[in-house]
Structure formats: structure tokens, C-alpha cells
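# Examination of the molecular architecture
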Amino acid sequence: MHAATVARIAAFALLAGCHSDLADIDGIFYDGDGRQVHCGADLDDRAHNDEASIDGALDRAAERGEVVELYAHNPGTTVPVERIEHVLAGARERGLAFYTYRDFADGRAAGPGLALSFDDNFVHEWYALRDLFTAYGARVTFFISRYPKIYDEERAELHQLAADGHDVAAHTVLHLRAPDYVEDHGLAAYLRDEALPSIQLLRDDGFEITSFAYPFGARTSELDAALLEHVAVLRSVAFSYQGVVQSPCPR
């Protein structure tokens, strides 16, 4: 593991109790400017974003006509299902539209709204929320990593979620930190080994892939330019932590 990576992890842990209100993080709000590199804020327990902070972000989206971008991983494990429902209910109460990253790619996203996404390969857990998504009229994006390891049953569930109107997008093959891989092996190797196969495998299985999320949000302008030749939209993250943890969000 790179020394820089170890330092980032340690700093993240040290700052676990000190975070900014989500409403103050401009990078997680899309104002229709047509940007191609988006940023989301983490809803998982580790981010310590409480309901008041989440509500403040939803309020800002409604008041300013913006789309707020939020993401999580494994419902019931990294993020309570109750928090997900709180977000969905809060969006509906405020009249926020639900957007996917394909909507961003197609230029259809115009706030006020919510773009909620889920990362990695917790397909069974996401599928278990299907009725919840339907109850709130929600459309979300699933950024998939490690697709070759997903079982046939999970692939069928993912296709059903796509048929329900949700978006399926790419999140690399092995969920490696992109800048570190490029430093060790070069940009061409990262594209060949991690990024492009994750896009193509999903396309080969019948999914329309228009966006890509960086693992850990780790990105560079060089990576952005290379990947935007293959997808229309990228998603990084905007940490809600101050101090030595620097947000990888370009805005």
C-alpha cells in the first residue's frame, strides 16, 4: 500500500468526529452547468452525516433549484435502511425529482432534485429495497465493481432493477485506487486493466453504460480526460471532512 494511501486513511479516521454540514459543500450540488465530473457525499455510518445535515442538504436543493448528489454502499450494513428511507421521504416531501447519472449524461437533470447512488456489488441488498424505491417513486444509480464475481441470480436482479428505471454504471473491476495504479503501471494499464473492462463487461451484458465512478473518489485531470472518451459523466466524492483530508472533488 502506498504511503500516501496510508496517510489518507489515518487522517480520515482521525477526523471521523469533525465534519462540515452537507449544505455547505458546494461540490455535491449540481446547478445545471453541464459539468462532466460530479461529486457525491457519503451517507454511510463512517461519514457521520446525521439527519440534520442531510435535511439541510435537501433543503438547499429545494430552495436553490439544485440537484444534491448522495451515495452509500451496503444497505443494512454500511448504512441503515432507515437513513435511506429518510432521504427518499425527505426528497418527496420537498418536491425533489429523482435523477440518475444517465440523466446527467443525457442533459435531462434540472433541479431541484436528488441523485442517489450505491457503489460496489451489493446487488441482493439493493434488490431488497426495490419496494422501497417504488413506494417513493425513486430512481437511483448503481455503480458496479467486480462484475465478473457477481452470480447469475444477482445479474438477473440487476437487470430487473434496470427495467424498473434505475441506472447501472461502471465502478472498475477490482476497486483499486486509480492514481496509485497509474503511478505504478501507467495510465494505459489502468484503462486496460480496471476501467475499460468494467464498462465493456456491463455493456456486453446488455446495460447502457454512460457513467463511471472512481473508487474512493480518487481521480486526476489526466484520468478524467482519458475516461471521458468512453463515458459521458464521471463521479468522484466530496468528503465532508476538513483539515488534512483534501476533497478529491474538482469543484
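This write-up is about the structure you can find in this document. (Residues numbered from 1 in each chain as written. Predicted model: local features only at pLDDT ≥ 70, side-chain atom pairs only at ≥ 80, totals over all residues. Heavy atoms only, no water.)

## A short note on the overall build of the protein chain
Definition in use: Counting from the N terminus, the helices are the DSSP runs of H or I reaching at least four residues and the strands are the DSSP runs of E reaching at least two. For every residue, the accessible area obtained with a 1.4 Å probe (protein chains only) is divided by the maximum for its type, and the residue is called buried under 20%, exposed over 50%, and partly exposed between those limits. In what follows, a contact means two residues having at least one pair of non-hydrogen atoms within 4.5 Å. All accessibility values rest on the Shrake-Rupley procedure with a 1.4 Å probe; residue burial counts only the protein chains present in the view.
For the protein chain, the helix and strand inventory stands at 10 helices and nine strands. Scored against the burial criterion, the 251 residues of the protein chain give a buried share of 52%. Contacts spanning at least 24 positions in sequence make up 74% of the contacts within the protein chain whose residues lie at least 6 apart. By element, 50% of the accessible surface of the protein chain is carried by carbon and sulfur atoms, the whole surface being about 10,600 Å².

## Focus: the nonpolar core
What counts, and what does not: The term nonpolar core refers to a set of buried residues drawn from Ala, Val, Leu, Ile, Met, Phe, Trp, Tyr and Cys, joined through side-chain atoms within 4.5 Å.
Counting 62 residues, the largest nonpolar core has Val-68, Leu-70, Leu-88, Phe-118, Ile-144 and Phe-212 as the members making the most contacts within it. It is helix H9 (residues 187-204) that provides the largest number of residues to this core, a total of six residues. Beyond its immediate stretch of four places on either side in the chain, Phe-118 contacts Ala-72, His-73, Pro-75, Ile-84, Trp-126, Phe-133, Val-140, Thr-141, Phe-142 and Phe-143. One finds Tyr-101, Phe-104, Phe-143 and Ala-213 within the second-largest nonpolar core, a separate group that totals 11 residues.

## A look at the environment of Asp-33
Topologically, Asp-33 is positioned in the loop between strand S1 (29-30) and strand S2 (37-42). As for Asp-33 and Gly-107, which are separated by 74 residues in sequence, their C-alpha atoms are 9.8 Å apart.

## Quick word on unusual backbone geometry
For the peptide bond that leads from Gly-111 to Pro-112, omega is 0 degrees, which places it in the cis range. Phi at Thr-172 is positive, roughly 80 degrees, even though this residue is not glycine. Relative to the elements of secondary structure, Thr-172 occurs in the loop between strand S7 (167-170) and helix H8 (178-185). By relative accessible area, which is 1% here, Thr-172 ends up buried. In this structure, His-175 is a non-glycine residue whose phi angle is positive, near 60 degrees. Note on placement: His-175 falls in the loop between S7 and H8.

## A look at the pattern of salt bridges
Inclusion rule: Each reported salt bridge corresponds to a side-chain nitrogen of Lys or Arg within 4 Å of a carboxyl oxygen of Asp or Glu.
Per the counting criterion, the structure on display carries 18 salt bridges. Linking Arg-102 and Glu-208 is a salt bridge whose minimum nitrogen-to-oxygen distance equals 3.6 Å. Placement of Arg-102 in helix H4 (residues 101-106) and of Glu-208 in the loop between H9 and strand S8 (211-213) is noted, with a sequence separation of 106 residues between them. Judged by its relative accessible area of 17%, Arg-102 falls in the buried class. Overall, Glu-208 belongs to the partly exposed group, its relative accessible area being 48%. Residues joined by salt bridges that share partners form a network here, namely Asp-103, Asp-106, Arg-108 and Arg-139.

## A word on the state of the cysteines
To keep things clear, this is the line we draw: Our working definition of a disulfide is a cysteine sulfur pair at a distance within 2.5 Å.
Scanning all chains against the criterion turns up one disulfide. Sulfur-sulfur distance for the disulfide between Cys-39 and Cys-249 comes to 2.2 Å. Because the sign of the S-S torsion sets the handedness, a value of about 105 degrees for the bond joining Cys-39 and Cys-249 places this disulfide among the right-handed ones. Placement of Cys-39 in strand S2 and of Cys-249 in the segment after strand S9 (233-237) is noted, with a sequence separation of 210 residues between them. Given a relative accessible area of 1%, Cys-39 falls into the buried group.

## Topic: the side chain of Asn-49
Operational definition: By the criterion applied in these results, polar contacts are pairs of N or O atoms within 3.5 Å in which, for protein atoms, one can donate a hydrogen and the other can accept it, and in which residues neighboring in sequence qualify only through two side-chain atoms.
Note that Asn-49 resides in the loop between S2 and helix H2 (51-64). Reaching out from Asn-49, the side chain makes a polar contact with the backbone oxygen of Asp-42 at a distance of 2.8 Å.

## Some details on the pairing of strand S6 (residues 141-144)
The side chains of a regular strand alternate between the sheet's two faces. Basically, it comes down to this: A pair of strands is labelled paired if DSSP reports no fewer than 2 bridges between them. A crossover counts as right-handed when, viewed with the strands pointing away from the observer, the path leading from the first strand over the helix to the second turns clockwise.
Of the two faces of S6, both are covered, the one formed by Thr-141 and Phe-143 as well as the one formed by Phe-142 and Ile-144. With four bridges connecting them, strand S5 (residues 113-120) and S6 associate as parallel partners. Bridge pairing in S6 links Ser-117 to Thr-141. Relative to S7, S6 runs parallel, the two being bridged by four bridges. For Phe-143, the partnering residue across the bridge sits in S7 and is Ala-169. Assessed by its sense of winding, the connection that carries the chain from S6 through helix H7 (residues 152-163) to S7 is right-handed.

## Points about a negative patch on the surface
Applied cut-off: Put simply, a patch holds well-exposed residues, over 30% relative accessible area, that have no salt bridge, with like charges counted together within 9 Å and Val, Leu, Ile, Met, Phe, Trp or Tyr side chains within 5 Å. For the purpose of charge, His is not counted, nor are the chain termini; Lys and Arg are scored as positive and Asp and Glu as negative. Charge positions come from single atoms, namely NZ of Lys, CZ of Arg, CG of Asp or CD of Glu.
A surface patch of negative charge is lined by Asp-21, Asp-24, Asp-50 and Glu-51. Mapped onto the fold, Glu-51 is located in helix H2.

## Some words on the packing of H8 against H9
We count it as follows: Convention adopted: a line fitted to C-alpha atoms gives each axis, helices being fitted over their contacting stretch, and angles between N-to-C directions are expressed from 0 to 180 degrees. Under this scheme an angle from 65 to 115 degrees is roughly perpendicular, one under 35 degrees roughly parallel, and one over 145 degrees roughly antiparallel; angles in between are oblique. What makes a crossing left-handed is the near helix being turned counterclockwise from the far one by less than a right angle; a clockwise turn instead makes it right-handed. Charged means Asp, Glu, Lys or Arg here, nonpolar means Ala, Val, Leu, Ile, Met, Phe, Trp, Tyr, Cys or Pro, and polar covers whatever is left, Gly included.
The interhelical angle for the contact between H8 and H9, taken along N-to-C directions, is 120 degrees, at an axis separation of 7 Å. Here H9 runs oblique to H8, going by the angle between their axes. The hand of the H8/H9 crossing is right-handed. Taken together, the residues of H9 that come into contact with H8 (itself represented by Ala-178, Tyr-181, Val-182 and His-185) are Leu-187, Ala-189, Tyr-190 and Asp-193. Across the contact of H8 with H9, the residue classes tally to six nonpolar, one polar and one charged.

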